[in-house]
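# Summary of structural features
Take a look at the letters that make up each chain.
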Amino acid sequence: MNYDVIVIGGGSGGYAAADTAQSAGARVAIVDPGPLGGLCILRGCMPTKTILRSSDIMALMQRAGEFGLAASDLKADLSAIIDRKNRLIREFADYRIGQLKNPRFTLIQDKAAFVSPTEIEVSGQRLSAKSFIIATGSVIDQIPIPGLAKSGYLTSDDVLELKDQPESMIVLGAGPVAVELAQFYQRIGTQVTLIQRSPHILSFTDEDLARPVEDRLREEGMTLFTGTRLQEVSADGKSKTVRFQHEGKEKTVSAQSLFDALGRRPNTDGLNLDAAGVKMGEWGIGVDCSMRTSQPHIYAVGDVNGLHEVVHIAIQQGEIAGWNATHPDQTAREVDERLTANVVFTDPQVASVGLTEKDCRKKKIEYLAASYPFDDHGKSLCLGETHGHVKLLCDPTSGEIIGGHITGPEAGELIHQLIAIMYYKGTVRDLLTMPHYHPTLSEILTYPAEELAQKIILK
Ligand SMILES: Cc1cc2nc3c(=O)[nH]c(=O)nc-3n(C[C@H](O)[C@H](O)[C@H](O)COP(=O)(O)OP(=O)(O)OC[C@H]3O[C@@H](n4cnc5c(N)ncnc54)[C@H](O)[C@@H]3O)c2cc1C
């Protein structure tokens, strides 16, 4: 064998896997054709969060009068926003490239394809290993909507490089990427129309958590159509037009540009998985809780298994696969699905950990739920951030928190309080008895906890 472990793909999941395996004493090769850095750094989490900072500041400045301030001549300079993003991303990417090029690994900058369950072909040579970890991420999915390909459209990759601000934009889709970038453009002055198939945006979560975001987007001037059926896209020299069904009627919307944010698919292109005997699952490469594929010595982590397309989970899965690949004689480590978390960086943000009400109903899990609105909470009133609410789900007998959800200010930060409690299998009583500084946003979580604790006592 040339290596103990070959990691295919050097993004966040792949790097975490390689780092863990090498730290356990394994000879590790990483294969990646580049550009090196991974989706999160180059075209995902970090560039989007960098540009959202500009539109969030713009939105606050537009509200200056509410806080007794004056701000005049507000204007976004998209080119300068993208330049700032590029500077930061270069720094983040250089750091990751340095980690990949560290001599503790062999880095091979090319595409890998399996030729057998124990060999890959890369740069014209065959390399063998005891274990493989596939971490090739995801690619933008081509959704077959009549006329879409011919009319031309922007992807999230394009939108992050655009320096000429369009006057108007149609956004297809309402997942996290669609909604974050739609709000960015609306806030910097583009007239955005968002068209979504599901009855509410962010369809992966409970409806009550998505509605406050919809309200905010509409207040900011965005046009939103939910519950639609896309029919056709067309284009002339000046604009793109989308025809769709909405509430039993046919509608058309035109705009200068069209952003297709309908989703991504696992990237298994060219891997020749059949030669390795690796089978696809429901969402991507099929894996069990220890990240093993249908071939016990081949693992798949991150977006390529399609389980949860978020980066901290790609990293966690990479660490688990890296450890399992190097400790074959020990009990395999597994992902703790209880703590699956998501954050959508809209304003208000939407953050969740654990089970939603939708999940509980689907899996027939008994639960108690209680919510509390931000517009009745002192600190949020001080901040002028009153959209949304918090919601807790607990076991009806023990009071253990099984789900925590926040739509509101700093939800992406506040959720970590719930993740920490759930990590230690804490109850609503634990949350209630923990000291909370006043006045803080965090205090709001104690109100639904109190309601649930009383319900459990009264049962
Ligand atoms: C616009 C956008 C915003 C996002 N924002 C967030 C966010 O805020 N928070 C969050 O948690 N997640 C976010 N995500 C998702 C997150 O970026 C991904 O879940 C995560 O980066 C996936 O990591 P990965 O290691 O699975 O794949 P990647 O980082 O994509 O790494 C895959 C690597 O495999 C390499 N590769 C591909 N094919 C081959 C081959 N045949 N041989 C060898 N190597 C190959 C590629 O070059 C690449 O380097 C966002 C995604 C997008 C698109």
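Here's a quick rundown of the structure. (Residues numbered from 1 in each chain as written. Predicted model: local features only at pLDDT ≥ 70, side-chain atom pairs only at ≥ 80, totals over all residues.)

To continue, consider the pairing of strand β2 (residues 28-31). Burial of β2 is two-sided: the residues Val28 and Ile30 facing one way and the residues Ala29 and Val31 facing the other way are all buried. Both strand β1 (residues 3-8) and β2 contribute to a ladder of four bridges, which runs parallel. Within β2, the position partnered with isoleucine 6 by the bridge is alanine 29. Since β1 and β2 lie parallel, the crossover through helix α1 (residues 12-23) that links them has a hand, and here it is right-handed. For β2 and strand β3 (residues 106-108), the ladder comprises three bridges, and the chain directions are parallel. Considered in β3, the bridge of isoleucine 30 is made with leucine 107. (Buried ≥ 20, exposed ≤ 12 C-beta atoms within 10 Å, placed from the backbone. Helix = DSSP H or I, 4+ residues; strand = E, 2+ residues; numbered from the N terminus. Pairing = 2+ DSSP bridges. Right-handed = clockwise from strand over helix to strand, strands pointing away.)

Our focus in this paragraph is the sheet that holds strand β21 (residues 401-408). By way of backbone hydrogen bonds, the strands of a sheet pair with one another, either parallel or antiparallel. Read from one edge of the open sheet, five strands run β17-β18-β21-β20-β19, paired in antiparallel fashion. Single-partner strands in this sheet number two, and they are β17 (341-344) and β19 (368-373). The sheet shows a mean angle of 5° between the axes of neighbouring strands, direction not considered. When β17 meets strand β18 (residues 349-354), the two strands line up antiparallel, connected through four bridges. (Axes fitted to C-alpha atoms, helices over the stretch in contact; angles between N-to-C directions.)

As a further point, take the sheet that holds strand β14 (residues 257-260). One open sheet accounts for four strands, arranged β10-β9-β8-β14; its pairing is parallel. Edge positions in the sheet fall to β10 (223-225) and β14, since each has one partner strand and no second. When the angles between neighbouring strand axes are averaged without regard to direction, this sheet yields 15°. Taken together, the five bridges between strand β8 (residues 168-172) and strand β9 (residues 191-195) define a ladder with parallel strand orientation. Its bridge partner being in β9, methionine 169 is matched across the sheet by valine 192. In the packing of helix α7 (residues 176-187) onto the sheet, the strands contacted are β8, β9 and β14, and the crossing angle to β9 comes to about 160°. (Contact = placed C-beta atoms within 7 Å.)

Shape descriptors only; they carry no functional weight alone.
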